[in-house]
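Listed here are the chains, written in short residue letters.
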Amino acid sequence: MRLLLVDDDGVNRYTVSKALQRVGYLVSEVNSGEAALERYDKSDFDLVLCEIDLPDIDGIEVLQGIKKQSPDAMVVLMTEQAKVETAIQALRFGAQDYLIKPCSSEDIRESVERGIENARSLMRRRRLLDTIERHVVELAREASDKRDAADHDTEPHATKIREKMPPRGNTISLGPLSVLPGKYQIEADTQSVGLTPTEFDLLLYLAAHRSRVISCHELVREVRGYHVEEPEAREVIRPHVSNLRRKLKSLGDIDIIVNVRGIGYRLGEISEGD
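For the structure given in this document, a descriptive report is provided here. Because the structure is a prediction, the values reported are computed rather than measured.

A few words on the overall build of the chain. Along its length, the chain carries 8 helices and 12 strands. Across the 274 residues of the chain, 45% fall into the buried class. Within the chain, contacts between residues at least 6 apart in sequence are counted, and of these 60% link residues at least 24 apart.

For any two helices packed against each other, one specifies the crossing angle of their axes together with the interaxial distance. Remark: helix H6 (residues 197–208) packs on helix H8 (residues 230–249), axes separated minimally by 10 Å, with the N-to-C direction vectors making an angle of 85°. Regarding the angle of H6 to H8, the classification is roughly perpendicular. On H8, the residues that touch Thr198, Glu199, Leu202 and Leu203 of H6 are Ile237, His240, Val241, Asn243, Leu244 and Lys247.

Another aspect to go through is helix H7 (residues 216–224). With 7 of 9 residues buried, H7 is to be regarded as a mostly interior element. Taken residue by residue, H7 has Cys216, Glu218, Leu219, Val220, Arg221, Glu222 and Val223 as its buried positions. Just downstream of H7, glycine 225 is the residue with a positive phi angle, here 90°.

To continue, consider the pairing of strand S9 (residues 191–194). Across a regular strand the side chains alternate sides, sitting on one face of the sheet and then on the other. In this sheet, S9 lies alongside strand S8 (residues 185–188) in antiparallel orientation, the contact comprising 4 bridges. When the bridges of S9 are listed, glutamate 187 appears paired with serine 192. Turn length for the S8-S9 hairpin, with the two strands adjacent in sequence and antiparallel, is 2 residues, and the turn residue aspartate 189 shows positive phi of about 55°.

Right, let's talk about the side chain of serine 32 for a bit. Position of serine 32 relative to the elements: it lies in the loop between strand S2 (26–30) and helix H2 (33–42). From its side chain, serine 32 meets the backbone nitrogen of alanine 35 in a polar contact 3.2 Å long. Setting aside chain neighbours within four positions, we find serine 32 in contact with Val6, Leu54 and Asp56.

Geometry of an aromatic ring pair is reported as the spacing of the ring centres plus the angle between the planes. In total, this model carries 3 aromatic pairs according to the counting rule given. With centroids separated by 6.3 Å and ring planes inclined at 20°, the aromatic side chains of tyrosine 40 and phenylalanine 45 adopt a geometry described as stacked. With respect to burial, tyrosine 40 and phenylalanine 45 carry one shared label: buried. Between the aromatic rings of tyrosine 184 and phenylalanine 200, the centroid separation amounts to 5.0 Å while the plane-to-plane angle is 70°, which identifies the pairing as edge-to-face. Of the two residues, tyrosine 184 is situated in the loop between strand S7 (177–180) and S8 and phenylalanine 200 in helix H6; the sequence distance between them amounts to 16 residues. Each residue in the set Tyr14, Tyr184 and Phe200 is aromatic and connected to the rest through ring pairs, giving one cluster.

Attention now moves to a negative patch on the surface. On the surface, Asp8, Asp9, Glu34, Asp53, Asp56, Glu61 and Glu80 cluster together to form a negatively charged patch. Within the secondary structure, glutamate 80 is located in the loop between strand S4 (75–79) and helix H4 (84–92).

Before going further, it helps to examine the sheet that holds S4. Read from one edge of the open sheet, 5 strands run S2-S1-S3-S4-S5, paired in parallel fashion. In this open sheet, the two edge strands, each paired with only one partner strand, are S2 and strand S5 (97–100). On average, adjacent strands in this sheet sit at an angle of 20° to one another, irrespective of strand direction. One ladder, built from 5 bridges, connects strand S1 (residues 2–6) with S2; its direction is parallel.

The rules behind these values
- Every chain is numbered independently, its residues counted from 1 as its sequence is written.
- Local features in a predicted model are, by the rule used here, given only for residues with pLDDT of at least 70; side-chain atom pairs are given and counted only at 80 or more, and totals for whole chains, interfaces and linings are based on all residues.
- To get the side-chain values, all heavy atoms of the structure are used, and hydrogens and water are removed first.
- Counting from the N terminus, the helices are the DSSP runs of H or I reaching at least four residues and the strands are the DSSP runs of E reaching at least two.
- Throughout, exposure labels follow a simple rule: accessible area from a 1.4 Å probe, protein chains only, divided by the maximum for the residue type, with under 20% read as buried, over 50% as exposed, and the rest as partly exposed.
- In this analysis, two residues are considered to be in contact whenever any of their non-hydrogen atoms come within 4.5 Å of each other.
- Here the axes come from fitting lines to C-alpha atoms, over the contacting stretch only for helices, and the angles between their N-to-C directions go from 0 to 180 degrees.
- Oblique is the label for any angle not under 35 degrees, not over 145, and not in the 65 to 115 range, which are roughly parallel, roughly antiparallel and roughly perpendicular in turn.
- If DSSP finds at least two bridges between two strands, the strands pair.
- Distance and chemistry together define a polar contact, namely a pair of N or O atoms within 3.5 Å, with one atom able to donate a hydrogen and the other to accept it when in protein, and with adjacent residues in sequence counting only for side-chain atoms on both sides.
- In this scheme Phe, Tyr and Trp rings, the latter by its six-membered ring, pair at centre separations within 6.5 Å, and the angle between planes marks the pair as stacked below 30 degrees, edge-to-face above 60, and tilted otherwise.
- Here the term patch refers to residues with relative accessible area over 30% and no salt bridge, with like charges joined within 9 Å and nonpolar side chains (Val, Leu, Ile, Met, Phe, Trp, Tyr) within 5 Å.
- Accessible surface is estimated by sampling points in the Shrake-Rupley manner with a 1.4 Å probe; for residues, cover comes only from the protein chains shown.
- Counted as salt bridges are all cases of a side-chain nitrogen of Lys or Arg within 4 Å of a carboxyl oxygen of Asp or Glu.
- All tallies of charge rest on Lys and Arg as positive and Asp and Glu as negative; His and the ends of each chain are not included.
- By convention, the charge on Lys lies at NZ, on Arg at CZ, on Asp at CG and on Glu at CD.

Pasting the structure below:
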């Protein structure tokens, strides 16, 4: 299944995309509403996951534009600024779901799964109606004309070729840090250091959920991709956090990972480019 992710925040795009790819979705990313409408017009997507607070046109306008092109499109909207009026607008214009940040990757995956299942159900109903309509037309034709129908193919299926994910090469700003997804590097001023994929994903997951404390078992699930209980998760994640802290300190004594005893980790305040 192919998804279009629309968010102007590079950290959020990376972590949400990673969480969805981990369970098998193909994710294309854009950072503005206009780009979303242009990409949707040129490609075939099963669902659109869109931030409402975009720099050009907002997510409600994106929803309206997509529904104008494809009334059956499944669109899930996300926002940090929860307002009753916006929620009502989203539902009025046909949003599949309305998520309020901060929300976990599991919440996002569940919302996407519900949207995909609704899309499949709608497709099945459409095909059933098309089949019934074809049968009615054929019966009417047979009643008025004794000739055999020339074509009894009830439902041809077109094979869709899915595009591969475009490579990530954009720099993500995270306070004083410049994060390079394609290279698994972080930079500050003129210094740079390489991260392992686990350290890299750990940093960006903490950044995407910086407003809350993340338990160790959630970090293992979202960064490493498997489930363990909290005591074991602490042992798994602790060395990765330690190595990441050491590498951050090498870039000008940056210390932004906070250990909340007995609960987990969170990202501390970041002064620049937040």
